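# Survey of secondary and tertiary structure
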Amino acid sequence: MTTMTENASGLREFKMPDVGEGLTEAEILKWYVQVGDTVTDGQVVCEVETAKAAVELPIPYDGVVSELRFPEGTTVDVGQVIITVDVSGGTAPAQAAPAVEQAPAAPVAPAAPAAPAEEAKPEGRKPVLVGYGVAESSTKRRPRKGAETPAQQGGTMYAATAIQGELNGHGSAPQQRPLAKPPVRKLAKDLGVDLATVTPSGPDGIITREDVHAAAAPAQAPAPVAVPAAVPAPQAPARVQPQAPAPVASYDGARETRIPVKGVRKATANAMVGSAFTAPHVTEFVTVDVTRTMRLVEELKQDKDMQGLRVNPLLLVAKALLVAIKRNPDVNASWDEANQEIVQKHYVNLGIAAATPRGLIVPNIKDAHSKTLPQLAESLGELVATAREGKTSPAAMQGGTVTITNVGVFGVDTGTPILNPGESAILAVGAIKLQPWVHKGKVKPRQVTTLALSFDHRLVDGELGSKVLADTAAVLEQPKRLITWA
């Protein structure tokens, strides 16, 4: 997909690229430039969050920023223009500044067809970012849901001003449209609140959800009185009745917080629902004495070949699972629904579930089966560090075959993990605790943990799944099997 276009006036438009494989949208987290800033080829201009990761976007040419199409926090479809750069060396933003001062955020309702709108495009798209106002239109859809509509109407969120409205013959248009995000506008419509009567409390005069609820509260009492006053008796109550329950169902802003489902959280939710209701899950459990494994961990920390590397129980669990997969290769497969085939993988891309501030992600170690223990430790350390910094790339989360989730770090004994879509199995590792255990005929305190293996029963039967889990446990109980079974 082409991510940039250039017009005759020397303005280049940079479009939202597909930073992953098959992604359709991304949220703009942060702008690193403003209108009027000079940018160079390769300079990072913004950070966006896709359904898989946060990614920084570099601009592919030199010039001066002429326009930022969307504010931070906006979800933009792939292929939509997000920034315009003047590559001719002109000072278009500075010349357009007076127009913005005369009418900072006054939107208009252009009635001209698409062709005249394009003629006015260079003059309307150069002013600085002016807020949430958009051109008046009959459409009620959010900007990202109608990529073509704003262009046909002759402007973007930041392009319309009162002066341009007069040039188009709309000088009598409303002076200023209340500033509010699309979800807030919908809430106001549902509650029957006129945004023009609401006192804004947000930054730069933006109306918030709380402002709308505050305006709706006093209006609820007179609402029933207005019903008898309406002469058309059959229709008036019909319109009022559906609106009456809306304020009752509204939430208390002081006692509840509503968080939009988007980005990583949205992708995780869709993936988990799709996996749970597509792949028939089976989960098996085993409790194992890992005392010898814990001793080996301490010995490896002192080994000169492991100096500077992250050595922990998870490293040996990963190695044990890789040995089990080598002994039972049929478990490393995927289900091809379209072709009705089982695809056996001759490589292992080992996924590690990681909890991040943005939600759960599952990056994977490519070709983990071919790595030595030091190499596996290095890859595991890099994977965890990158995930914590929120810099995991979309490519790092694609192509996984089997996953490990370490719920033991939270003090949990075990769980029934849900498969990562497209994978055949996932191993949950519980907390390692000192427990009474029969060892060599006597009850002794031993370090014990519980493993849980969930697998796709379409391609992994009970015998195969049980062997993989048993072999993993056997290696952790007797780590010398890393050598004898390797």
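Rules used in this analysis
- Numbers given to residues run from 1 along each chain, matching the order in which its sequence is written.
- Totals for whole chains, interfaces and linings use all residues, but because this is a predicted model, local features are given only for residues with pLDDT of at least 70 and pairs of side-chain atoms are given and counted only at 80 or more.
- Based on all heavy atoms of the structure, the side-chain values leave hydrogens and waters out of the count.
- The numbering of helices and of strands both runs from the N terminus, where a helix is a DSSP run of H or I of at least 4 residues and a strand a run of E of at least 2.
- Should any heavy atoms of two residues lie within 4.5 Å, those residues are counted as being in contact.
- Only protein chains enter the accessibility calculation, which uses a 1.4 Å probe; a residue whose area is less than 20% of its type maximum is buried, one above 50% is exposed, and one in between is partly exposed.
- Across the chain, each position has a pLDDT score giving the predictor's confidence in that residue, from 0 to 100.
- Angles here are taken between N-to-C directions and fall from 0 to 180 degrees, while the axes themselves are lines fitted to C-alpha atoms, restricted in helices to the stretch in contact.
- Angular relationships are summarised with four words: roughly parallel below 35 degrees, roughly antiparallel beyond 145, roughly perpendicular across 65 to 115, and oblique for the angles in between.
- Crossing handedness follows the turn of the near helix against the far one: under a right angle anticlockwise gives a left-handed crossing, and clockwise gives a right-handed one.
- Put simply, Ala, Val, Leu, Ile, Met, Phe, Trp, Tyr, Cys and Pro go in the nonpolar bin, Asp, Glu, Lys and Arg in the charged bin, and everything else, Gly too, in the polar bin.
- Should a side-chain nitrogen of Lys or Arg be within 4 Å of a carboxyl oxygen of Asp or Glu, the pair is scored as a salt bridge.
- We call two strands paired when DSSP finds no fewer than two bridges between them.

Attention now goes to the environment of Ala377. With respect to the helices and strands, Ala377 occurs in helix 14 (residues 373-388). When the C-alpha atoms of Ala377 and Gly308 are compared, they prove to be 9.9 Å apart, with 69 residues separating the residues in sequence. What Ala377 contacts, discounting residues up to four positions off in sequence, is Met306, Leu309, Arg310 and Leu315.

One turn of the α-helix equals 3.6 residues, which is why residues spaced by three or four share an orientation. For helix 12 (residues 291-301), the full list of buried residues reads Thr291, Thr293, Met294, Val297 and Leu300. Here the buried face of helix 12 lies against strand 12 (281-289), helix 13 (313-327), helix 14, strand 22 (442-456) and helix 15 (462-477).

On average, residues of the protein chain score 77 in pLDDT, and 70% of them reach the 70 mark or higher. Taken element by element, the protein chain is modelled with least confidence in helix 5 (residues 162-167), mean pLDDT 38, and with most confidence in helix 13, mean pLDDT 97. Below pLDDT 50 for its whole length, residues 91-175 participates in 121 contacts with residues either more than four positions away or in separate chains. Low confidence marks residues 244-248, where pLDDT is under 50. Its contacts with residues over four positions away, or in another chain, come to four contacts.

Bringing the packing of helix 13 against helix 14 into the picture now. Between helix 13 and helix 14, the shortest axis-to-axis distance is 10 Å and the interhelical angle comes to 120°. The angle between helix 13 and helix 14 places the two elements in the oblique class. As helix 13 packs across helix 14, the resulting crossing turns out to be right-handed. The segment helix 13 lies against helix 14, with Leu314, Leu315, Leu316, Ala318, Lys319 and Leu322 engaging Leu373, Leu376, Ala377 and Leu380. Partitioning the contact of helix 13 with helix 14 into residue classes produces nine nonpolar, no polar and one charged.

A few words now on the pattern of salt bridges. If you walk through the whole model with that rule in mind, you get eleven salt bridges. A salt bridge links Asp289 to Arg446, with the nearest nitrogen and oxygen atoms 2.8 Å apart. Of this pair, Asp289 sits in strand 12 while Arg446 sits in strand 22, and the two are 157 residues apart along the sequence. Residue Asp289 is classed as buried on the basis of its relative accessible area of 4%. Residues Lys433 and Asp413 are paired through a salt bridge, measuring 2.9 Å at the closest nitrogen-oxygen approach. Residue Lys433 is found in strand 21 (residues 433-439), and its partner Asp413 is found in the loop between strand 19 (402-406) and strand 20 (425-429); the two are separated by 20 residues along the sequence. The class for Lys433 is partly exposed, based on a relative accessible area of 32%.

On to the sheet that holds strand 3 (residues 25-31), then. Here we have four strands laid out as an open sheet, ordered 6-5-3-8, and antiparallel in their pairing. Each edge of the open sheet is held by one strand with a lone partner, namely strand 6 (54-58) and strand 8 (75-77). Strand-to-strand, the axes of this sheet are offset by a mean angle of 40°, without reference to chain direction. Here four bridges tie strand 3 to strand 5 (residues 44-49), and the two strands are oriented antiparallel to one another. Bridging from a neighbouring strand, Lys30 pairs with Glu47 of strand 5.

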